[in-house]
Amino acid sequence: MRLRIVLLALAAFFMSLGLAHATASIHIDLSTQTMHVDSNEGSYTWPVSTARAGYATPRGSYAPTGMQRMHYSRKYHMSPMPYSIFFRGGYAIHGTYATGALGRPASHGCVRLAPGNAKRLYEIVQTEGGSISITGAPPARATRYASLRRHHAHAMAYAPVRHHYYGTVRSWQAYPFAPMW
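Summary of the structure given here. (Residues numbered from 1 in each chain as written. Predicted model: local features only at pLDDT ≥ 70, side-chain atom pairs only at ≥ 80, totals over all residues. Heavy atoms only, no water.)

Turning our eyes to something else, we now look at the sheet that holds strand β2 (residues 34–39). Judged by pairing direction, the sheet is mixed, and its five strands sit side by side in the order β3-β2-β1-β9-β4 without closing on themselves. The open sheet has two edge strands with one neighbour each: β3 (42–47) and β4 (60–62). The sheet shows a mean angle of 15 degrees between the axes of neighbouring strands, direction not considered. The pairing of strand β1 (residues 24–29) with strand β9 (residues 130–135) spans six bridges and is classified as parallel. Each bridged residue has a counterpart across the sheet, and for His27 the counterpart in β9 is Ser133. (Pairing = 2+ DSSP bridges. Helix = DSSP H or I, 4+ residues; strand = E, 2+ residues; numbered from the N terminus. Axes fitted to C-alpha atoms, helices over the stretch in contact; angles between N-to-C directions.)

See below:
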């Protein structure tokens, strides 16, 4: 009987250690531009910004490789990256002050969060550790092209466009901004 109580107490002790060291699960969905976090503290869903056109956010499963309360990107003009959680080389989850862009692709590849959410995530990972998974495909981007305008008569309502042909230096001096054709 005594042995059974001791074994149950040891089992409960080791199970409580396992619960205390459970890592937070961080899932980023590129399709919806959201992050879902499950931790001992609770569950959260936040809007994020991932890579915009011409850049990529790596997909896969990762563990945090480093953390910095405030990091400045040497690659992108010393841009501030508060509450950075690095997970693959220079890629990180971090706060951004461009909160108007959250919910759509806008970064060079990092995962951006609102500063308050980034701080909470940073504290959770600092306490519990974390596992990061990134899935999905970026949302379809609407392709925007500048329209080609052949007639510039209405470009500026207060000054009509005049077409002059450059024949001499004097004509160029008189109309330096006239189109050359």
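It is worth spelling out the environment of Ala118 at this point. By the element assignment, Ala118 lies in helix α2 (residues 115–128). Residues Ala118 and Ile93, 25 residues apart in the sequence, show an inter-C-alpha distance of 7.8 Å. Ala118 has contacts with Pro82, Tyr83, His94, Gly95 and Leu113, leaving out every residue within four places of it along the chain. (Contact = heavy atoms within 4.5 Å.)

Glancing now at the pairing of β1. Moving residue by residue along a regular strand, the side chains alternate between the two faces of the sheet. Relative to β2, β1 runs antiparallel, the two being bridged by five bridges. If you follow Asp29 over to β2, its bridge partner there is Thr34. Between β1 and β2, which pair antiparallel one after the other, the connecting turn spans four residues, and Gln33 there sits at a positive phi close to 55 degrees.

What follows deals with the pattern of salt bridges. Evaluation of the coordinates by the stated rule reveals one salt bridge. Residues Arg120 and Glu41 are paired through a salt bridge, measuring 4.0 Å at the closest nitrogen-oxygen approach. Pair noted here: Arg120 is in helix α2 and Glu41 is in the loop between β2 and β3, with a separation of 79 residues, a long-range link. For Arg120, a relative accessible area of 39% gives the class partly exposed. Overall, the relative accessible area of 48% leaves Glu41 in the partly exposed class. (Salt bridge = Lys/Arg side-chain N within 4 Å of Asp/Glu carboxyl O. Buried < 20%, exposed > 50% of the residue type's maximum accessible area, 1.4 Å probe, protein only.)

Relative to strand β6 (residues 79–88), strand β5 (residues 66–73) runs antiparallel, the two being bridged by seven bridges. Among the inter-strand pairings, Gln68 is bridged to a residue of β6, identified as Ser84.

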